Amino acid sequence: MVVAILSNVCIAVGLVFLLWGTWPLLGKRSVLFKLHSLSVADTLGSMAIVVGLLIRIPREWPLLVLALISLAIWNTILGYVLAYCSTEGRTND
Amino acid sequence: MNWIIGTMLLALLVPMYVAFDSQHIWQKMLAFASVSTKSSMLILAISVLRDDWTIGVVGVLVLCVGNAALMLLAQTIKQVDKW
Amino acid sequence: MIWYLELALRLIIWLLLTADLSWENIAIGVVVSLLIPRCTSTRIIRLRDWFHAGWESLVAIPQAYKEAFEIMLRPHAFEETTLEQVPPRRTPGLIFLDIFIITFTPKTIVTRYHERGWYEVHWIRRRKPE
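Residues numbered from 1 in each chain as written. Chains lettered and ligands numbered in written order. Predicted model: local features only at pLDDT ≥ 70, side-chain atom pairs only at ≥ 80, totals over all residues. Heavy atoms only, no water.

Student: Sorry if this is basic, but what is going on with the overall build of chain B here?
Tutor: Broken down by element type, chain B carries three helices and zero strands. Listed by position from the N terminus, the elements making up chain B come as α-α-α. Projected onto its principal axes, the C-alpha positions of chain B cover 50 × 25 × 10 Å. Sorting the 83 residues of chain B into buried and exposed places 49% on the buried side. Contacts in chain B between residues far apart in sequence, at least 24 positions, make up 57% of those at least 6 positions apart. Accessible surface, chain B as shown: approximately 4,200 Å² in total, 72% of it carbon and sulfur. When the 5 basic and 4 acidic side-chain charges of chain B are each reduced to a single mean position, those positions are 10 Å apart. (Helix = DSSP H or I, 4+ residues; strand = E, 2+ residues; numbered from the N terminus. Buried < 20%, exposed > 50% of the residue type's maximum accessible area, 1.4 Å probe, protein only. Contact = heavy atoms within 4.5 Å. Areas by Shrake-Rupley, 256 points an atom, 1.4 Å probe, with all protein chains shown as cover. Lys, Arg positive; Asp, Glu negative; His and termini not counted. Charge placed at Lys NZ, Arg CZ, Asp CG, Glu CD.)

Student: Sorry, what's going on with unusual backbone geometry here?
Tutor: Trans is the prevailing form of peptide bonds, just as negative phi is the prevailing case for residues other than glycine. We note that B:Asp51 has phi near 60 degrees; this positive angle belongs to a residue other than glycine. Within the fold, B:Asp51 resides in the loop between α2 (25-50) and α3 (53-82).

Student: Is there a simple way to think about the sheet that holds strand β3 (residues 118-125) of chain C in this case?
Tutor: Strand pairing in a sheet relies on backbone hydrogen bonds. The paired strands run either parallel or antiparallel. All names here are of chain C. Taken in spatial order, the three strands of this open sheet run β1-β3-β2, and their pairing is antiparallel. Because the sheet does not close on itself, it has two edges, and the strands there are β1 (78-85) and β2 (108-114). Across this sheet, the average inter-strand angle for adjacent strands is 25 degrees, counted without regard to direction. Looking at chain direction, β2 and β3 are connected through six bridges and run antiparallel. Bridge assignment links Ile109 to a residue of β3, and that residue is His122. (Pairing = 2+ DSSP bridges. Axes fitted to C-alpha atoms, helices over the stretch in contact; angles between N-to-C directions.)

Student: Mind showing me how you'd approach the environment of C:Asp98 here?
Tutor: With respect to the element layout, C:Asp98 can be found in helix α4 (residues 92-104). For C:Asp98 and C:Ile36, which are 62 residues apart along the polypeptide, the C-alpha to C-alpha distance reads 25 Å.

Student: Just to check I follow, could you spell out the interface of chain C and chain A for this structure?
Tutor: Many structure descriptions define interface size as the accessible area lost when the parts assemble. Taken together, the contact between chain C and chain A spans 31 residues of the former and 33 residues of the latter. Of the roughly 2,700 Å² buried between chain C and chain A, counting both surfaces, carbon and sulfur atoms make up 73%. For C:Glu79, the salt bridge goes to A:Arg29, with nearest N and O atoms at 3.1 Å. Our enumeration of links across chain C and chain A arrives at nine residue pairs in polar contact (both at pLDDT 80 or more). Elements with a minimum of two residues in the side of chain C that touches chain A: α1 (3-18), α3 (47-73), α4, β2 and β3 of chain C. (Buried area = accessible area lost by both parts, 1.4 Å probe. Salt bridge = Lys/Arg side-chain N within 4 Å of Asp/Glu carboxyl O. Polar contact = N/O pair within 3.5 Å; in protein donor to acceptor, adjacent residues only side chain to side chain.)

Student: Whenever I open this one, the interface of chain A and chain B confuses me. Can you help?
Tutor: Opposite the 38 residues of chain A that make contact, chain B presents 38 residues. Buried area between chain A and chain B, both sides added, is near 3,600 Å², and the carbon and sulfur share of it is 82%. When residues of chain A are sorted by the area they lose upon contact with chain B, A:Leu63, A:Trp74 and A:Leu78 head the list and together hold 16% of the total. At the surface where chain A touches chain B, the tally comes to two salt bridges. The partner of B:Asp51 in a salt bridge is A:Arg59, with the nearest N and O atoms 3.0 Å apart. At the junction of chain A with chain B, the criterion picks out eight residue pairs in polar contact (both at pLDDT 80 or more). Looking at which element gives the most residues to the side of chain A that touches chain B, the answer is helix α3 (residues 61-86) of chain A, with 15 residues. Residue classes in the side of chain A that touches chain B are distributed as 25 nonpolar, six polar and seven charged. (Nonpolar A, V, L, I, M, F, W, Y, C, P; charged D, E, K, R; others polar.)

Student: Please clarify how the side chain of A:Ser7 should be interpreted in this entry.
Tutor: Residues and elements named next belong to chain A. If you trace the backbone, Ser7 turns up in helix α1 (residues 2-22). The buried category is assigned to Ser7, whose relative accessible area is 0%. The contacts of Ser7, once residues within four sequence positions are left out, are Gly52, Ile55 and Arg56.

Student: Any chance you could explain the nonpolar core here in plain terms?
Tutor: Here is a general trend for soluble globular proteins: nonpolar side chains tend to be buried in one another's company. Ranked by internal contacts, the top residues of the largest apolar core, which has 68 residues, are A:Leu82, B:Met8, B:Trp26 and C:Phe104. Elements supplying a minimum of two residues to this core: α1, α2 (31-56) and α3 of chain A, α1 (2-21), α2 and α3 of chain B together with α3 and α4 of chain C. Of all hydrophobic cores here, the second largest spans seven residues; its members include C:Ile95, C:Ile99, C:Val110 and C:Tyr119. (Core = buried A, V, L, I, M, F, W, Y, C linked by side-chain atoms within 4.5 Å.)

Student: Would you explain the arrangement of the chains in this entry?
Tutor: Looking at the two pairs of chains with contacts, the pair that accumulates the most is chains A and B. With no contact between them, chain B and chain C keep their nearest C-alpha atoms 9 Å apart.

Student: What is the right way to look at the side chain of C:Thr82 in this model?
Tutor: Residues and elements named next belong to chain C. Following the sequence through the fold, Thr82 ends up in strand β1. Among the polar contacts listed, one links the side chain of Thr82 to the side chain of Glu84, at a separation of 3.4 Å. Of the polar contacts made by the side chain of Thr82, one reaches the side chain of Trp123; its length is 2.9 Å. Beyond its immediate sequence surroundings of up to four residues, Thr82 is in contact with Tyr119, Glu120, Val121, Trp123 and Arg125.

Structural data, given as structure tokens:
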């Protein structure tokens, strides 16, 4: 019972993050600003959803833990690479 | 559990629309990065829902390979821009 | 000195991938993680620095969620770019970890790393920066 509630809370928080962070993509802000909100949506939101799924069905934990780790690392590094590449033209060092 | 899949599909439609609509290359890349993560999350959620772990492996692979490919593509675009 | 940490990391990833704790599989995992070429760094890395960094990255997770809620509840509409100094005596591995932690928290993104010890950090703020 507690497990089901906890899992639902995690998934709900993740879904809210996902929707909130994806919405600014439609606006006319800079790439970096959108990257900030995507880091909320894609990294943190997806991690919350995976944790929720993990609590619900712990039987296949190795796969979900691997998903969690690769989500955190790949998304963050991709954010850095996108930020680095997209600001190339504007600054000279 | 169906509401989870529905909401995630809704969230997936937004970056897809942006990717087709936007003219600026980095906005497009951003949208594709978002599509890559969201679709793999969708696959993972469906695999949990159907209790079929071969689908889950595909989701994790899409997560890793998709992000790595976008990273390489970003570097390539930057180099091409320099010329 | 640091090779066994690297070995352990690879072995963990292997075991998570295969989800099989039999002796044969662990043996295969050890062989595979020994066969993958190691990244060699010439400088000596102190173990204490690594534990510190590991602790920092654990703390970064709740910190990231806290910042996410802050951004959602109060709009952070302004952007700013600052230069942050790298702490002295950082090895490439630790610098990578620093960049990872800064980018992981949603209010800050590293956009560039300068060779002479500076990060270029992009912030979002609530108020207009002076």
